[in-house]
Amino acid sequence: MIPQKVTDGIYSYRAIDWDRELFDELVPLPEGTTYNAYLVEGSEKTALIDTIYPPKTAEFIAALKKSGVKRIDYIVANHAEQDHSGSIPAVLDLFPEAKVVTNAKCKRFIMDTLPVDRDAFITVGDGHSLSLGDKTLQFLMTPWVHWPDTMCTYVPEARTAFTCDFLGAHLATTDLYADDEARVETAAKRYYAEIMMPYRSFSKEAVDKVGALDLSYIAPSHGPIYARPPFVLDLYRSWTSDAPKPFVVIPYVSMYESTAAMVSYLTDRLVERGMGVKPINVVDLDTGEFAMSLVEASTVVFASPTVLSGPHPGVAYAALLANVLGLKAKYAAVIGSFGWEGNLPEIVQSMLPKLGATFFEPVMVKGLPREAAFAELDRLADDIAAAHAAAPVAA
Ligand code: FEO
């Protein structure tokens, strides 16, 4: 790890994790990630904004020592999750005079999980500030841009906002800035879908709050820094808006090609009616890929064979995720096949109480789909298209 200058008096200390494949044992990391801490040097005091993931602590502490940091007065904890707070005890060992600056919730979480003494904290609230001399730390409470404790820190003199998880991207790269915007957009969208979308309304509020600042840089604690802040703010405005796009996601499994034939037929009929469609075979589900596809989808059609009287476990897992990911989809349906019994549509629908979508009449076939089943799929395609015509979604 080497410190890299962001702007005058602000340095990035990034641990690049090229090899990590899974975050929280849940979220796939196809491009690894970074854990970013930032040193902010004022004329009188020095602050560290966030720390890093515990397994990277040794290289972080070595980099602080090697770069000759003489003092740290404040360790700002924007969020208690240990990929950002985990090195606080080691930094306090090195700079015992430092105070941990955070909000009351984050303080509680840190004390619950790390050996940090109550007396080490300075508690701040929304709009509070601390002077570093010729720089100021201003604190913005932005709850639920991952956990209820999350906040951002703004340095007006440097026109820089430190947003921790918010606006971040799991992307291992030596690029300090998000110059490769196409690559960063994909990583940021995946990150938004997995981490932020379940709390979409809070992300929307946080975009308004951060977007109102005078900004040259947005410096998150995962991924590269945005030297063109409107790039990521505009993406978030689109992703968090209430208006979905005319796009149908079809999570499906097929055991003996009946359900696959139905999915293929329905896809063609929806395309004929002007819809975008993405069938996703969920047998080996990449949860990030699935979540990304749902960010702006208007409609989700769950397609499954009947297994032990209910959905295939892969489709059940997709439904479980769709229920909690905070989708803006307005419409849903269930299609599938069965051999002798089952009430698959009722079971799938019962797994989606939070979706808040209108369910169309399901289409279930016994064995292979034939003429009557295809006619029912024509009807479902008509229902979906008619719903969009009656209440148009964003183009
Ligand atoms: Fe990057 Fe919620 O921690």
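All values derive from a computational prediction rather than experimental measurement.

J.: Lay out the overall build of the protein in plain terms, naming residues and giving numbers.
T.: Secondary structure summary: the protein contains twelve helices and 21 strands in total. Reported as C-alpha extents along the three principal axes, the dimensions of the protein are approximately 80 × 40 × 35 Å. Counting every position in the protein, which comprises 395 residues, the buried fraction comes to 58%. A separation of at least 24 residues holds for 72% of the contacts in the protein among residues at least 6 apart in sequence. By element, 53% of the accessible surface of the protein is carried by carbon and sulfur atoms, the whole surface being about 15900 Å².

J.: Give a description of the sheet that holds strand E11 (residues 136-141) that names residues and reports values.
T.: Within the open sheet, the five strands sit side by side as E10-E11-E12-E13-E14. Their pairing is mixed. Both edges of this open sheet fall to strand E10 (129-131) and strand E14 (217-220), since each of them pairs with a single strand only. Direction aside, the axes of adjacent strands within the sheet are offset by 20° on average. By the bridge criterion, four bridges tie strand E13 (residues 160-164) to E14 in an arrangement that is parallel.

J.: With reference to specific residues and values, describe the nonpolar core.
T.: Tyr-226 and Tyr-236 are the most contacted members of the largest nonpolar core, which totals 91 residues. With eight residues, the top contributor of residues to this core is helix H5 (residues 181-196).

J.: Which residues make up unusual backbone geometry, and what values do they have?
T.: Of note in this structure, Arg-159 is not a glycine but carries a positive phi near 50°. Along the polypeptide, Arg-159 turns up in the loop between strand E12 (151-155) and E13. Relative accessible area serves as the criterion here: at 34%, Arg-159 is assigned to the partly exposed category. Unusually for a residue other than glycine, Ser-309 sits at a positive phi of about 75°. With respect to the helices, strands and loops of the structure, Ser-309 is situated in the loop between strand E17 (297-307) and strand E18 (310-311).

J.: Mind laying out the pattern of salt bridges, listing which residues take part and the relevant values?
T.: Scanning all chains against the criterion turns up 22 salt bridges. Between Glu-31 and Arg-183 there is a salt bridge, and its shortest N-O distance comes to 2.7 Å. With Glu-31 in the loop between strand E4 (27-28) and strand E5 (33-41) and Arg-183 in helix H5, this pair connects stretches of sequence that are 152 residues apart. One salt bridge connects Arg-159 with Asp-214, and the closest N-O pair in it is separated by 2.6 Å. In this pair, Arg-159 sits in the loop between E12 and E13 while Asp-214 sits in the loop between helix H6 (200-211) and E14, placing the two residues 55 residues apart along the sequence. Residues joined in a network through salt bridges with shared partners are Arg-190, Glu-194, Lys-278, Asp-286 and Glu-289.

J.: How would you explain the packing of H6 against helix H7 (residues 229-240) if you had to name every residue and give the values?
T.: The geometry of H6 relative to H7 is characterised by a closest axis approach of 9 Å and an angle of 150° between their N-to-C directions. Taken together, the axes of H6 and H7 lie roughly antiparallel to each other. Crossing geometry of H6 relative to H7 is assigned as left-handed. Facing Arg-200, Ser-203, Lys-204, Val-207, Val-210 and Gly-211 of H6, the residues of H7 in contact are Leu-233, Tyr-236, Arg-237, Trp-239 and Thr-240. Residues of the contact of H6 with H7, tallied by class, amount to five nonpolar, three polar and three charged.

J.: Run through the environment of Val-249, naming residues and quoting values.
T.: Mapping Val-249 onto the fold places it in strand E15 (residues 245-252). When its relative accessible area of 0% is taken as the criterion, Val-249 is described as buried. Sequence separation between Val-249 and Phe-162 is 87 residues, and the spatial gap between their C-alpha atoms is 35 Å. In contact with Val-249, not counting residues within four places along its chain, are Lys-278, Ile-280, Phe-290, Ser-293, Leu-294, Ala-297, Thr-299, Val-300 and Val-301.

Rules used throughout
- Residues numbered from 1 in each chain as written.
- Predicted model: local features only at pLDDT ≥ 70, side-chain atom pairs only at ≥ 80, totals over all residues.
- Heavy atoms only, no water.
- Helix = DSSP H or I, 4+ residues; strand = E, 2+ residues; numbered from the N terminus.
- Buried < 20%, exposed > 50% of the residue type's maximum accessible area, 1.4 Å probe, protein only.
- Contact = heavy atoms within 4.5 Å.
- Areas by Shrake-Rupley, 256 points an atom, 1.4 Å probe, with all protein chains shown as cover.
- Pairing = 2+ DSSP bridges.
- Axes fitted to C-alpha atoms, helices over the stretch in contact; angles between N-to-C directions.
- Core = buried A, V, L, I, M, F, W, Y, C linked by side-chain atoms within 4.5 Å.
- Salt bridge = Lys/Arg side-chain N within 4 Å of Asp/Glu carboxyl O.
- Parallel < 35°, antiparallel > 145°, perpendicular 65-115°, else oblique.
- Left-handed = near helix turned anticlockwise from the far one by under 90°.
- Nonpolar A, V, L, I, M, F, W, Y, C, P; charged D, E, K, R; others polar.

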